[in-house]
Amino acid sequence: MTSLAQQHCEPCSGDARPMTRSECESELTALPQWRIADHDGIMKLTRSFTFRDFVSALEFTQRVGELAEQAGHHPVITTEYGKTTVTWWSHAIDGLHQNDFILAARTDEVAE
Ligand SMILES: C[C@H](O)[C@H](O)[C@H]1CNC2=NC(N)=NC(=O)C2=N1
């Protein structure tokens, strides 16, 4: 497990401050396959994973769903033929929090 994936997710209340773009870019050095997407002014962390077929993409979707439930933090997951796209952000603060980077690192581990 990478050290980022091992970090503990803290409860993210609406009082938390969303990370700035430069803070996010610094965290991204540990997650080179992820990118920051701006959706209507809300920064999100997103990555697509490719698979050989729909069933494999669906199995990965299920595993990511399980890790999200364990953490109490939930992504948008889009499943297509041979491709699953995972997008993390913190709804409570309309932006990115350290929890999103931790969950992205755990998502990478599920894909390994
Ligand atoms: C009550 C519950 O813990 C909250 O609604 C959680 C659930 N999952 C969540 N997931 C994400 N990504 N952001 C949140 O703010 C969030 N809030």
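Just above, that's the structure.
Here the structure is a predicted model, which is why all the values come from computation and not from measurement.

**Topic: the side chain of S90**
Relative to the helices and strands, S90 is located in the loop between β4 (83-88) and α4 (98-111). Within the structure, the side chain of S90 is placed 2.7 Å from the side chain of D100, a separation counted as a polar contact. Apart from residues no more than four positions distant in its own chain, S90 is found in contact with C12, H73, G95, H97 and D100.

**Let's talk about helix α3 (residues 54-71)**
Over its 18 residues, α3 runs 26 Å from end to end, which matches the ideal 26 Å to within 8%, given 1.5 Å per residue. Along α3, the residues that are buried comprise S56, A57, F60, T61, V64, L67 and A68. Buried residues along α3 cover an arc of 140° about the axis, so they all sit on one side. In α3, the exposed residues that point more than 90 degrees away from the buried face are E69 and Q70.

**Considerations on the site of the ligand**
The environment of the ligand is made up of G72, H73, H74, W89, S90, H91 and A92. In the model, a nitrogen atom of the ligand is placed 3.4 Å from a nitrogen or oxygen of the G72 main chain. One of the backbone N or O atoms of A92 is found 2.9 Å from an oxygen atom in the ligand. Here the ligand, which alone exposes 400 Å², has 54% of that area covered by the protein.

**Observations concerning the layout of surface pockets**
Roughly 180 Å³ of internal volume is contained in the largest pocket. What lines the largest pocket is a set of 13 residues, and nearest its centre among them are Q33, R47, A105, D108 and E112. Residue assignment for the lining of the largest pocket shows that the elements contributing at least two residues are β2 (42-50) and α4. When residues of the lining of the largest pocket are assigned to their parent elements, the largest contribution, 4 residues, is made by α4. In the lining of the largest pocket, the residues fall into 6 nonpolar, 3 polar and 4 charged.

**Re a nonpolar patch on the surface**
Among the surface-exposed residues, F54, L58 and Y81 lie close enough to one another that they form a single nonpolar patch of about 330 Å² accessible area. The residue Y81 is located in the loop between β3 (76-80) and β4 in this model. Judged by its relative accessible area of 62%, Y81 falls in the exposed class.

**Section: unusual backbone geometry**
With glycine set apart, most residues show a phi of negative sign, and most peptide bonds adopt trans. Phi at D40 is positive, roughly 50°, even though this residue is not glycine. Tracing the backbone through its elements, the reader meets D40 in the loop between β1 (35-39) and β2. The exposure class of D40 is exposed, given its relative accessible area of 82%.

Conventions used here
- Throughout, residues of each chain are indexed from 1 in the direction in which the sequence is written.
- Only residues with pLDDT of at least 70 are given local features in this predicted model, and only at 80 or more are side-chain atom pairs given and counted; all residues enter the totals for whole chains, interfaces and linings.
- For side-chain calculations, the full set of non-hydrogen atoms in the structure is used, while hydrogens and water are omitted.
- A run of H or I in DSSP counts as a helix once it spans at least four residues, and a run of E counts as a strand once it spans at least two, with each numbered from the N terminus.
- As used in this structure description, the phrase polar contact means that two N or O atoms lie within 3.5 Å; if the pair is within protein, one of them must be able to donate a hydrogen and the other to accept it, and residues adjacent in sequence are counted only when both atoms belong to side chains.
- Residue contacts are counted whenever heavy atoms from the two residues lie within 4.5 Å of one another.
- Expected helix span is given by 1.5 Å per residue-to-residue step, counting one fewer step than there are residues.
- Burial status follows relative accessibility: with a 1.4 Å probe on protein chains alone, a residue under 20% of its type maximum counts as buried, one over 50% as exposed, and anything between as partly exposed.
- Working definition: the arc comes from the directions between the helix axis and the C-beta atoms, pointing outward to the latter.
- Working definition: residue near molecule or strand if any one of its non-hydrogen atoms lies within 4 Å of it.
- Computed with a 1.4 Å probe, the accessible areas rest on the Shrake-Rupley method; for each residue, only the protein chains presented here act as cover.
- In this analysis, the protein atoms alone were mapped onto a 1 Å grid. Cavities are point sets where a 1.4 Å probe fits without being able to get out; pockets are open sets with protein on both sides within 12 Å along at least five of seven lines; lining residues have an atom within 4 Å of a point.
- Grid points are joined across faces, edges and corners, and a volume is the space filled by probe spheres set on the points.
- Gly is placed with the polar residues, together with every amino acid not listed as nonpolar (Ala, Val, Leu, Ile, Met, Phe, Trp, Tyr, Cys and Pro) or charged (Asp, Glu, Lys and Arg).
- Distance thresholds for patches are 9 Å for like charges and 5 Å for nonpolar side chains (Val, Leu, Ile, Met, Phe, Trp, Tyr), applied to residues having over 30% relative accessible area and no salt bridge.
- Each salt bridge in this description consists of a side-chain nitrogen of Lys or Arg and a carboxyl oxygen of Asp or Glu lying within 4 Å of one another.

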